[in-house]
Amino acid sequence: DTLSLHDALPIYSFNHSTRFPHIFSRTCTIVAGKLADVILTDGVATSQFIREQAQTASPVREVSFLTNPTPPTISRSAPDDRQTVRFMFLGRINKVKNLPLIIEVIKRLRRESIDARLDIYGRNDGGESDFEELVKGTEGYITFKGEIDATKRASLFDQYHFYIQLSTFEGMAM
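Our subject in this report is the structure included herewith.

Each value, and the rule that gives it
- Residues numbered from 1 in each chain as written.
- Predicted model: local features only at pLDDT ≥ 70, side-chain atom pairs only at ≥ 80, totals over all residues.
- Heavy atoms only, no water.
- Helix = DSSP H or I, 4+ residues; strand = E, 2+ residues; numbered from the N terminus.
- Buried < 20%, exposed > 50% of the residue type's maximum accessible area, 1.4 Å probe, protein only.
- Contact = heavy atoms within 4.5 Å.
- Areas by Shrake-Rupley, 256 points an atom, 1.4 Å probe, with all protein chains shown as cover.
- Polar contact = N/O pair within 3.5 Å; in protein donor to acceptor, adjacent residues only side chain to side chain.
- Salt bridge = Lys/Arg side-chain N within 4 Å of Asp/Glu carboxyl O.
- Expected span 1.5 Å × (residues − 1).
- Arc of directions from axis to C-beta.
- Pairing = 2+ DSSP bridges.
- Axes fitted to C-alpha atoms, helices over the stretch in contact; angles between N-to-C directions.
- Right-handed = clockwise from strand over helix to strand, strands pointing away.

**Brief notes about the overall build of the protein**
Piece 1. The helix and strand inventory of the protein stands at six helices and seven strands.
Piece 2. Burial statistics for the protein: of 174 residues in total, 32% are counted as buried.
Piece 3. Contacts in the protein between residues far apart in sequence, at least 24 positions, make up 69% of those at least 6 positions apart.
Piece 4. When the accessible surface of the protein is summed, it comes to about 11,600 Å², and 54% of that surface belongs to carbon and sulfur atoms.

Structural data, given as structure tokens:
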């Protein structure tokens, strides 16, 4: 009697999305869920989505990707009405990240006489030409900083009052 590879090695399925972008994704996710011994997800919403869609008897478990613990104290206080309010975006320059809405939020704050500024960090996923059109006329208060080295990202947060993320869909939210 020979053991199959599946008998000797457990099968894991990992999911980090609460939607199927196309039929191939749906098919693969459901089949993987039915074959897996354990299904791992990155959050509660994804776990619920997989339980509903895959209808599997396999256990579904959330795992964390946090590598730095939350600081015990907040090092930056909220801005007062005389301060520049500093926002940062850190992510891919991609349609799903909804940068037009983020830029509109900053413009709206400025129309309300709030000195809001936005620095955008991230690599371009092919949407830079559209992005450049969006930020036209915002010189001085919206700045594209480009991709930043992963080892320097954590230190950025102390320089800003707010991190803004308005993705239309987020599989691995912070």
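**Some words on the side chain of Asn98**
Piece 1. Mapping Asn98 onto the fold places it in the loop between strand E4 (85–90) and helix H4 (99–111).
Piece 2. Taking the relative accessible area as the measure of exposure, Asn98 reaches 18% and is therefore buried.
Piece 3. Of note is the side chain of Asn98, whose polar atom sits 3.3 Å from the backbone oxygen of Leu166.

**Examining the pattern of salt bridges**
Piece 1. Summed over all chains, the structure comprises five salt bridges.
Piece 2. Glu112 is the salt-bridge partner of Arg108, the closest N and O atoms lying 3.6 Å from each other.
Piece 3. On the accessibility criterion, Arg108 (48% relative accessible area) is partly exposed.
Piece 4. Look at Glu112 and you get partly exposed, because its relative accessible area is 48%.
Piece 5. For Arg117, the salt bridge is made with Asp115, and the minimal N-O distance between the two is 3.4 Å.
Piece 6. Assessed through its relative accessible area of 32%, Arg117 is described here as partly exposed.
Piece 7. On the basis of relative accessible area, Asp115 is assigned to the partly exposed category, the value being 27%.
Piece 8. When salt bridges with common partners are traced through the structure, they connect Arg110, Asp115 and Arg117 into a single cluster.

**A few points about H4**
Piece 1. When the terminal C-alpha atoms of H4 are compared, their 18 Å separation across 13 residues agrees well with the 18 Å that a helix rising 1.5 Å per residue should span.
Piece 2. Along H4, the residues classified as buried are Leu99, Ile102, Ile103 and Ile106. Mapping the buried residues of H4 onto a view down its axis gives an arc of 95°, with all of them on the same face.
Piece 3. Trailing H4 by a residue or two, Ser113 shows a phi angle of about 65°, which is positive.

**Description of the sheet that holds strand E1 (residues 12–15)**
Piece 1. Spatially, three strands are ordered E1-E2-E3 in an open sheet, and the strand pairing comes out parallel. Each end of this open sheet is capped by a strand with a single partner; those strands are E1 and strand E3 (60–62). Neighbour to neighbour, the strand axes of the sheet diverge by 25° on average, direction disregarded.
Piece 2. Contacts from helix H3 (residues 44–54) reach E1, strand E2 (38–41) and E3, with the element oriented near 170° to E3.

**Notes on the sheet that holds strand E7 (residues 162–163)**
Piece 1. Judged by pairing direction, the sheet is parallel, and its four strands sit side by side in the order E6-E5-E4-E7 without closing on themselves. Strand pairing shows two members of the sheet lacking a second neighbour, strand E6 (142–146) and E7, which therefore form its edges.
Piece 2. Sheet topology places E4 next to strand E5 (residues 116–121); six bridges connect them, and they run parallel. Looking at the pairing, Phe89 lines up with Ile120 of E5.
Piece 3. Where H4 meets the sheet, its contacts fall on E4, E5 and E6, and the angle it forms with E5 comes to roughly 160°.

**Notes on the pairing of E5**
Piece 1. Counting buried positions over the six residues of E5 gives five, a clear majority of the element.
Piece 2. You can see the chain leave E4, run along H4 and come back into E5, and the turn it takes is right-handed.
Piece 3. Bridge count for E5 against E6 is four bridges, and the pairing is parallel. Within E6, the position partnered with Tyr121 by the bridge is Gly146.

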